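Tertiary structure, described
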Amino acid sequence: MVQYRRITPNDPLYPGECRLRERVLLTPIGYDINRFREEYPGIDELSEHHIATTKTPGGDRVIGCALLLPSSDREGFGKLTQMAVDPQRRGEGIGQRIVINVESRAFGDLGLQGIYCHAQVNAVSFYEKLGWSREGEKFIEADIPHQCMVIHRPPELSDETDDRMW
Ligand SMILES: CC(C)(COP(=O)(O)OP(=O)(O)OC[C@H]1O[C@@H](n2cnc3c(N)ncnc32)[C@H](O)[C@@H]1OP(=O)(O)O)[C@@H](O)C(=O)NCCC(=O)NCCS
């Protein structure tokens, strides 16, 4: 059974999250978690860490993660980063569920107007299936073509009565 939760860098599961990020996202571009933390100082501390775990004989294992930076460089918008699912567990809806959890948190308790992310171009349709839209032209980041993707707070959540549903 897959469990979903939100952790901080003080959580015992954080090192497992970092290992997953290294394996899926960072090592392929020549980074490790220390270099990421040096080049993006404070991001791990300022972000919410949404993870998926599964039970193993050795304890809980992190098999999916995403970071939500609630205060981004864009007024009223959060930024989704470091979205990764264990290659052996892809196609099971784990990534989708993590993004839905991030959206619920962003548009619920955090009261954000929208979320954006810099998606690798090969993941664009993953976000489109979740209702996100492309914004602007493709660009290169970390030597990889990316596309800005965005989702806005649903209009029906714009008054306080509906806020309580999230
Ligand atoms: C992208 C990623 C997070 C998706 O995770 P996942 O758990 O396999 O995705 P899900 O099982 O929730 O898939 C949801 C839907 O998106 C589709 N999808 C998943 N990954 C996709 C991809 N890379 N490209 C296009 N569509 C994708 C699935 O087919 C599924 O569609 P369906 O509902 O019609 O069957 C995962 O493939 C991954 O970690 N990729 C490598 C790192 C990466 O690209 N991260 C995103 C950087 S922006």
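Below or above, wherever it landed, is the structure these notes cover. (Residues numbered from 1 in each chain as written. Predicted model: local features only at pLDDT ≥ 70, side-chain atom pairs only at ≥ 80, totals over all residues. Heavy atoms only, no water.)

1. Description of unusual backbone geometry
- Non-glycine residue glutamine 82 carries a positive phi angle of around 55°.
- At aspartate 143, a position not held by glycine, the phi torsion is positive, near 70°.
- Checked against the element boundaries, aspartate 143 lands in the loop between strand S6 (133-141) and strand S7 (144-152). (Helix = DSSP H or I, 4+ residues; strand = E, 2+ residues; numbered from the N terminus.)

2. Let's talk about the sheet that holds strand S1 (residues 2-7)
- Strand order across the open sheet formed by seven strands is S1-S2-S3-S4-S5-S7-S6, with mixed pairing between neighbours. A strand with exactly one partner marks an edge of an open sheet, and here the two such strands are S1 and S6. The mean angle between the axes of side-by-side strands here comes to 25°, regardless of whether they run parallel or antiparallel.
- In this sheet, S7 lies alongside strand S5 (residues 114-120) in antiparallel orientation, the contact comprising seven bridges. Looking at S7, one finds that tyrosine 116 is bridged to valine 150.
- Running over the sheet, helix H1 (residues 14-26) touches S1, strand S2 (48-56), strand S3 (59-69), strand S4 (77-85) and S5 and is turned about 70° from S3. (Pairing = 2+ DSSP bridges. Axes fitted to C-alpha atoms, helices over the stretch in contact; angles between N-to-C directions. Contact = heavy atoms within 4.5 Å.)

3. Focus: the pairing of S2
- Most of S2 sits inside the fold, with seven of its nine residues counted as buried.
- Pairing of S2 with S3, which is carried by nine bridges, proceeds in the antiparallel orientation. By the bridge assignment, isoleucine 51 is partnered in S3 with cysteine 65. (Buried < 20%, exposed > 50% of the residue type's maximum accessible area, 1.4 Å probe, protein only.)

4. Comments concerning the site of the ligand
- Close to the ligand lie 21 residues, the nearest being Val85, Gly93, Gly95, Gln96 and Ser125.
- Separating a nitrogen atom of the ligand from a backbone N or O atom of asparagine 122 is a distance of 2.9 Å.
- Burial of the ligand by the protein amounts to 72% of the accessible area it has alone, namely 890 Å².
- Given that more than half its atoms are within 2 Å of the pocket grid, the ligand belongs to the largest pocket.
- Counting only elements with at least two residues in the shell around the ligand, the list comes to H1, S4, helix H4 (94-107), S5 and helix H5 (124-129).
- With four residues, the single largest contributor to the shell around the ligand is H5.
- Here the shell around the ligand is composed, by residue class, of 10 nonpolar, eight polar and three charged. (Near = heavy atom within 4 Å. Polar contact = N/O pair within 3.5 Å; in protein donor to acceptor, adjacent residues only side chain to side chain. Areas by Shrake-Rupley, 256 points an atom, 1.4 Å probe, with all protein chains shown as cover. 1 Å grid on protein atoms, 1.4 Å probe; cavity = no way out; pocket = protein on both sides within 12 Å on 5 of 7 lines; lining within 4 Å. Sits in = over half its atoms within 2 Å of the grid points. Nonpolar A, V, L, I, M, F, W, Y, C, P; charged D, E, K, R; others polar.)

5. Comments concerning the pattern of salt bridges
- Going through the model one piece at a time under the given rule, you end up with 15 salt bridges.
- Residues arginine 37 and aspartate 44 are paired through a salt bridge, measuring 3.9 Å at the closest nitrogen-oxygen approach.
- We classify arginine 37 as partly exposed; its relative accessible area is 29%.
- Through salt bridges that share partners, Glu17, Arg21, Arg37, Asp44 and Glu45 make up one connected network. (Salt bridge = Lys/Arg side-chain N within 4 Å of Asp/Glu carboxyl O.)

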